[in-house]
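# Structural overview for review
For reference, the chains in residue letters:
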Amino acid sequence: MYINCHTYYSLRYGTFSEEELLELAVQNGVKAMALTDINNTSACLNFIRTAKAYHIKPIVGIDFRNGVSQLFVGLAKNNEGFRELNSFLSEYAHQNKSFPEQALCFPNAFVVYPFEQVMQMEKESFATNEFIGISVQDLRKLPFSHYREYKDKLVMQQQVTVRNKKDFNAHRLLRAIDNNTLLSKLPKSEECSENDKMLHLDQLYEAFQEYPHIIQNTEWLLEQCQISFEFGKARSSQNQSLYLDSAEKDFEMLKDLSYQGLSKRYGNPSKQVLERLKVELNTIRDMDFVSYFLINYDIVNYANQQGYVHVGRGSGANSIVAYLIGITDVDPIELDLYFERFINPYRTSPPDFDIDFSWKEREDITAYIFQRFPHTALLATYNTFKYRGVVREIGKVFGLPKEEIDKLSDGKVPQDQLDDMAKLVLKYGQLIKGFPNHLSVHSCGILILDRPIHYYSATDMPPKGFPTVQFDMIIAEDVGIFKFDILGQRGLAKIKDALELIKQNNPNLPSIDITDVERFKRDPKVNNLLKQGKAIGAYYVESPAMRGLMQKLQTQDYLGLVAASSIIRPGVSSSGMKQEYIIRQRHPERRKEANPMLLKIMPETYGIMVYQEDVLKVAHQFAGLNFGEADVLRRGMSGKFRSRTEFLEVEQKFIANCRERGYPDSLTIEVWEQIKSFAGYAFAKGHSASYAVESYQSLYLKCYYPLEFMVAVLNNGGGFYSTEHYIHEAQMCGGKVHPPCVNTSDHPTTIQGDSIYLGLGYLKQLEHYTIRRILSERQLYGPYKSLDDFIDRVHVSIEQLSILIRIDAFRFTGQPKTELLWQAMFKLNKNKLKSSQALLFKPEHKTYKLPKLNGNWLENAYDQMELLGFPLCGYFDLVEETLMPHILVKDFKKYVNKQVLLYGALVHTRFHKTSQGKRIRFCTFIDREGQYFDTVHFTKVVDLYLIHGIGVYACYGTVTEDHDFCSLDIIWSRKLSLKQDPRNN
């Protein structure tokens, strides 16, 4: 009997979830109800899915409002009515327009105008599908209104927004946050009524007992509404089902493409290849995934036509069909990829294809998809209120001072020191924590459907400019909507840009076939970079942890890198299996200690679970689960479905099956804990292999064209490390790095021979328009001959010109910076506006006799630190103190288990929490020769000897060795003082 109910997806208005709404309905004897969130349909599908378990008939609609002013409620009679309402909401949301006071004609939806709105509009005529909503509060006014005569148009509209006083207080806080105002100043008009709550059905009938026709009208209205979607095992795919115009033609196309790819990928294919292809094609057809493969092929084919580089990964990388038609570059035969991870008879969802493009090209790919396929939208994700953030927001609306808010949000105030107001802030912070705050765009998900998107949801139009549904991936999969993952990453852009720079800087070189990964895999020089951990700039293998792991494993081939890419993931590390894998890799005799059955299941990884496939293998072969149950287990470990009944049932069956097979409980629990600790964080093997392919491409370029590669890294936002560290790496590779110059620099960094010229874009205070003028003028009329020539040709303020002079961008003149600064001050009167028009006649410039004004290298370094953010000379050159006797990184192995002193310039630092919740710190430094070393700051010293930002540190500690990889356990550390800034003298 409730046709206007809100959840917390009525953003910053509602106060509970759709499941809590259903629980509330059960408590109050309700058998049918409508979910009508304010200008939002996020909860609708899950409401329909979940209502069955509560034995409640679900009805969905939308509460249309301008701000908080309710105009009307739309209720879907059926699925087509839901589409009509979604289309209407979307049209106005996309254009950010206000809704009209009166609804459009909805042939398949009902419209309910609230009583107050009807009176305000003085609406007299109502369409067949239009009604007047009467709340319990309205019953006092109805007898005195002529609308009491509209007997066949009156229905109950008891709005449900809160459950109790606590909810109402939370609602008011949300409204204050939304209005960015103090709670005490929140207008009543911005709030719901404290009476907007659900009454027991008996109370509701009692309230309307004098108006039986209203009860009958409402019951009739609810009976007319029927909404239906299939979920879970009963669902069917809602994705675009055909690529061409029939299933037969689709299959013939996929088959033809696959056989065309055989000669390119395999030359003379083996019987194993042909048999695998035949089985896969038949399975893909039988499971109705043909169009899914063809759509992914279409996207990749478009990218190839545009000259874009891509990487295909995910579980789909286990597919030989995907390999043959070019979606992926991973050979499943070479890697013995587990077929059942990619597809199995129990799988109802298509395999995952995560397709990476350059971050510069992803938007064009997305635009192509929207033009190519008719029913397309981006997937949404929910940004929720995080505890610290919501405490800050509530503190603000309560009017607390900033200092107190800071302390409360940090959680550092003891309970016994909290006053009543602070306790309220924390109490409601806990209540609101986890509420959806606003809708955002999923990082990579695109939906391509058979039917119009609005059949499932309304859409928003975020800044990306593509329609975005209002639900997330979990409910999407539940209803049979499977996303296409189109991602943008910088690694591919680095590869493409490096190839262009190599061609420009080495015009006589033959072109590089970057797809010839097989050659890169066999190259001993490339593999040696892996083994030595010299992979700075290379995608996925450059972090300190990854470089250390590769040295410990002595990784020197493709298969080793594939394993390392998954071992580094948090789950394998936290389960302790990473260390065990290293030991078994380096010491073959240790492999005998593996459980014989696990070793038989996973011989390649020495009986250790490393990949997602291993979860399926162990669940199926060790515990006797079928592949459907095993996949539930794998997905559940990610946290998406862990609370679902289906996952708990599989967990119980896993343990029961192991007992039936006679395994000791200790072994069962040990295996279960391994699965539990890492499965959600592990990669599919094909996924790791795809990353490894890209890493090899990067490493090949780093090995043979290090300068061009490092410039490409710089021009694509770097990676794991800071800009200055990539500049250091370029210098270590033999590059001569120069500060920006008005005659040789572009906006990005450029290279000429072994000279690297930093881009004008690195000057943080230099305006974009100034850079554009400098480059346009130089392109049109040639290099600048002098400072005077530059002033004549470029409209620039004295402040902007000073930046260029201080960074030494006029060094081609041969004049000291200090002299040029004085000249600029005389020639450009900062109080006098200079015309931006080109000068018809060049003026005669006065020359000023100045005393000799020489600068020095230290002044340049501090100018660079201020303007670029770092010095080009390196921090060791700036150290004021005399260094004590110390060792270098190359001497590490001579001092294992001994205490030594090293000096290092900080590269990177991060904290880690132990299992007891205590902090330890990991740092990476470079010594005077530019070689890396890692330090560990354990709990006893982590807060005694702090790391205060970039600079040179004295690091005293004990050298430890772990499988040929040395690091330093810190006993004490200290930051060294730098030479004083001469500009302050």
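Residues numbered from 1 in each chain as written. Predicted model: local features only at pLDDT ≥ 70, side-chain atom pairs only at ≥ 80, totals over all residues. Heavy atoms only, no water.

Further remarks concern the sheet that holds strand 17 (residues 755-757). Taken in spatial order, the 3 strands make up an open sheet running 15-17-16, and their pairing is mixed. Strand pairing shows two members of the sheet lacking a second neighbour, strand 15 (736-738) and strand 16 (750-752), which therefore form its edges. The mean angle between the axes of side-by-side strands here comes to 25°, regardless of whether they run parallel or antiparallel. Examined bridge by bridge, strand 15 and strand 17 share 3 bridges and lie parallel to one another. What sits directly across from Val737, in strand 17, is Ile756. (Pairing = 2+ DSSP bridges. Helix = DSSP H or I, 4+ residues; strand = E, 2+ residues; numbered from the N terminus. Axes fitted to C-alpha atoms, helices over the stretch in contact; angles between N-to-C directions.)

This next bit is on the confidence of the model for the protein. Averaged over every residue, the pLDDT of the protein is 91; the share at 70 or more is 95%. Within the model, pLDDT remains below 50 along residues 830-836, and this stretch shows 8 contacts once partners closer than five positions in the same chain are excluded. (pLDDT = per-residue confidence, 0-100. Contact = heavy atoms within 4.5 Å.)

Our focus in this paragraph is the pairing of strand 4 (residues 69-76). Strand 4 sits mainly inside the fold: 7 of its 8 residues count as buried. Relative to strand 4, strand 3 (residues 57-66) is paired through 6 bridges, and the arrangement is antiparallel. The residue of strand 4 that forms the bridge with Asp63 is Val73. Between strand 3 and strand 4, which follow one another and run antiparallel, lie 2 residues, and Gly67 among them has a positive phi close to 70°. Sheet topology note: the strand 4/strand 5 (residues 109-114) ladder contains 4 bridges and is antiparallel. Residue Val73 lies in a different strand from strand 5, and its bridge partner there is Val112. (Buried < 20%, exposed > 50% of the residue type's maximum accessible area, 1.4 Å probe, protein only.)

Right, let's get into the environment of Ile284. Residue position: Ile284 is located in helix 9 (residues 271-286). A relative accessible area of 0% means that Ile284 is categorised as buried. With 33 residues separating them along the chain, Ile284 and Phe251 place their C-alpha atoms 9.0 Å apart. Each residue touching Ile284, except ones within four places of it in the same chain, is listed here: Leu254, Phe289, Val290, Phe293, Val321, Phe342 and Ile343.

A separate point is helix 21 (residues 544-553). With respect to burial, helix 21 is a largely interior element, 9 of its 10 residues being buried. Looking one or two places after helix 21, you find Gln554, whose phi comes out positive at around 55°.

Once that is clear, we can look at a nonpolar patch on the surface. Taken together, the side chains of Leu944, Tyr945, Ile971 and Trp972 make up a nonpolar region of the molecular surface, amounting to roughly 350 Å² of accessible area. By the secondary structure assignment, Tyr945 is in the loop between helix 38 (939-942) and strand 21 (952-962). (Patch = residues over 30% accessible without salt bridge, like charges linked within 9 Å, V, L, I, M, F, W, Y side chains within 5 Å. Areas by Shrake-Rupley, 256 points an atom, 1.4 Å probe, with all protein chains shown as cover. Salt bridge = Lys/Arg side-chain N within 4 Å of Asp/Glu carboxyl O.)

Take the pattern of salt bridges next. For the structure shown, the criterion picks out 50 salt bridges. For Lys141, the salt bridge identified is with Glu116, shortest N-O distance 2.2 Å. Pair noted here: Lys141 is in the loop between strand 6 (130-134) and strand 7 (154-156) and Glu116 is in helix 4 (residues 115-121), with a separation of 25 residues, a long-range link. In this structure, a network of salt bridges that share partners links the residues Arg12, Arg175, Asp178 and Glu190.

For helix 3 (residues 79-94), spanning 16 residues, the distance from its first C-alpha to its last is 22 Å, which sits close to the expected 22 Å at 1.5 Å a residue. Among the residues of helix 3, Asn79, Gly81, Phe82, Glu84, Leu85, Asn86, Phe88, Leu89, Ser90 and Tyr92 are the ones counted as buried. Residues of helix 3 that are buried in the fold lie against helix 2 (44-51), strand 3, strand 4, strand 5 and strand 12 (459-460). Of the residues flanking the start of helix 3, the one acting as N-cap is Asn78, its side-chain oxygen 3.1 Å from the backbone nitrogen of Glu80. Asn96 occupies a position one or two residues after helix 3 and carries a positive phi of about 55°. (Expected span 1.5 Å × (residues − 1). Polar contact = N/O pair within 3.5 Å; in protein donor to acceptor, adjacent residues only side chain to side chain.)

Among the nonpolar cores identified, the biggest contains 113 residues, and Met33, Met198, Phe229 and Phe471 are the most heavily contacted of them. Those residues in contact with Met198 that sit more than four places away from it in its chain are Tyr2, Cys5, Leu21, Leu24, Ala25, Asn28, Val30, Met33, Val160 and Val162. Ile582, Ala689, Leu707 and Ala824 belong to the second largest nonpolar core, which has 104 residues in total. (Core = buried A, V, L, I, M, F, W, Y, C linked by side-chain atoms within 4.5 Å.)

Below, the discussion takes up the packing of aromatic side chains. This structure, assessed with the given rule, holds 47 aromatic pairs. Ring centres of Phe520 and Tyr700 lie 4.1 Å apart, and the angle between their planes is 15°; on these two criteria the pair is classed as stacked. Of this pair, Phe520 sits in helix 19 (residues 517-522) while Tyr700 sits in helix 30 (residues 685-704), and the two are 180 residues apart along the sequence. Across the pair, Tyr700 and Phe520 agree in class, each one buried. Where Phe720 meets Tyr721, the ring centres are 5.1 Å apart and the plane angle is 70°; that geometry is what we call edge-to-face. Counting every residue linked through ring pairs, the aromatic cluster contains Phe64, Phe72, Phe88, Tyr92, Phe99, Phe106 and Tyr113. In this structure, Lys97 packs its charged tip against the face of Tyr92, placed 4.6 Å from the ring centre. Over the face of the ring belonging to Phe251 we find Arg285, whose NZ or CZ atom lies 4.4 Å from the ring centre. (Phe/Tyr/Trp six-rings, centres within 6.5 Å; stacked < 30°, edge-to-face > 60°. Lys NZ or Arg CZ within 6 Å of the ring centre and 35° of its normal.)

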